[in-house]
Amino acid sequence: YVTDADDAIVAYDKRSGSPVWRNESLKARDVTAPALVGEYLVVGDFEGYVHVLDRKDGKILARDSDTLYELSYSRSLGRTRVESSRTKVGILAPPLVIGNTVYVYRRNGRVSALALPK
């Protein structure tokens, strides 16, 4: 299982090297490399979402977010501008799997844990 340069998640047959399935629904989401958790694949993205895919066919089964909007303020020409940003809470690295628990590290320094069903 790999994430390619276009953010598609691809499963390859380990004997032949041929693609088995390809999921392109997360294009332009800057997804991480997939982590294998039992019958699932898990990837994170730039907005802080964790996507759970069925490893047999690549369909997205669930999505979770611990995303917190971070507000930033800027002043220019006597005006105050308030912006929200999700990029600061995106997921930096591939999820870490220990048992059936998936840990994700976010840009804002937060670590989240998700327990997946067996």
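Data block above holds the structure.
On a predicted model such as this, the values are computed, not experimentally measured, just so you know.

A. Spatial organisation of the sheet that holds strand β1 (residues 2–3). Strand order across the open sheet formed by three strands is β1-β2-β3, with antiparallel pairing between neighbours. The open sheet has two free edges, formed respectively by β1 and β3 (19–23), since each of these has just one partner strand. The pairing of β1 with strand β2 (residues 9–12) spans two bridges and is antiparallel. Its bridge partner lying in β2, V2 is registered against V10.

B. Geometry of the pattern of salt bridges. Under the definition given, this model contains four salt bridges. Residue D45 pairs with R29 through a salt bridge whose shortest N-O separation is 2.7 Å. Here R29 lies in the loop between β3 and β4 (35–37) and D45 lies in the loop between β5 (40–44) and β6 (49–54), a separation of 16 residues in the sequence. Take D45 and R29: they sit in the same class, and that class is buried. Close ionic contact of E47 with R29 constitutes a salt bridge, the shortest N to O distance being 2.6 Å. Of this pair, E47 sits in the loop between β5 and β6 while R29 sits in the loop between β3 and β4, placing them 18 residues apart in sequence. The residues E47 and R29 share a single accessibility class, namely buried. It is possible to trace a salt-bridge network through shared partners that takes in D4, R22 and E24.

C. Main features of the pairing of strand β7 (residues 60–65). Where β6 lies against β7, five bridges are found, and the strand directions are antiparallel. Note that in β7 the partner of L53 across the bridge is I60. Two successive antiparallel strands, β6 and β7, enclose a turn made up of five residues, where G58 displays a positive phi of approximately 80°.

D. Representation of the sheet that holds strand β12 (residues 111–115) within the structure. Pairing within the open sheet is antiparallel, and its three strands lie in the order β10-β11-β12. Because the sheet does not close on itself, it has two edges, and the strands there are β10 (96–98) and β12. Neighbouring strand axes in the sheet, compared pairwise and without regard to direction, differ in orientation by 25° on average. As defined by bridge partners, strand β11 (residues 101–105) adjoins β12 across five bridges and the pair is classed as antiparallel. Across the sheet, Y105 pairs through a bridge with V111, a residue of β12.

E. Geometry of the packing of aromatic side chains. One pass over the full model with this rule turns up one aromatic pair. When the ring of Y1 is compared with that of W21, the centres are 6.2 Å apart and the planes differ by 40°; the resulting orientation is tilted. Taken together, the positions of Y1 in the segment before β1 and W21 in strand β3 put the pair 20 residues apart, joining distant regions of the chain. Y1 gets classed as partly exposed once you look at its relative accessible area, which sits at 38%. Under the relative-accessibility criterion, W21 is labelled buried at 8%.

Definitions and cut-offs
Residues numbered from 1 in each chain as written. Predicted model: local features only at pLDDT ≥ 70, side-chain atom pairs only at ≥ 80, totals over all residues. Heavy atoms only, no water. Pairing = 2+ DSSP bridges. Helix = DSSP H or I, 4+ residues; strand = E, 2+ residues; numbered from the N terminus. Salt bridge = Lys/Arg side-chain N within 4 Å of Asp/Glu carboxyl O. Buried < 20%, exposed > 50% of the residue type's maximum accessible area, 1.4 Å probe, protein only. Axes fitted to C-alpha atoms, helices over the stretch in contact; angles between N-to-C directions. Phe/Tyr/Trp six-rings, centres within 6.5 Å; stacked < 30°, edge-to-face > 60°.

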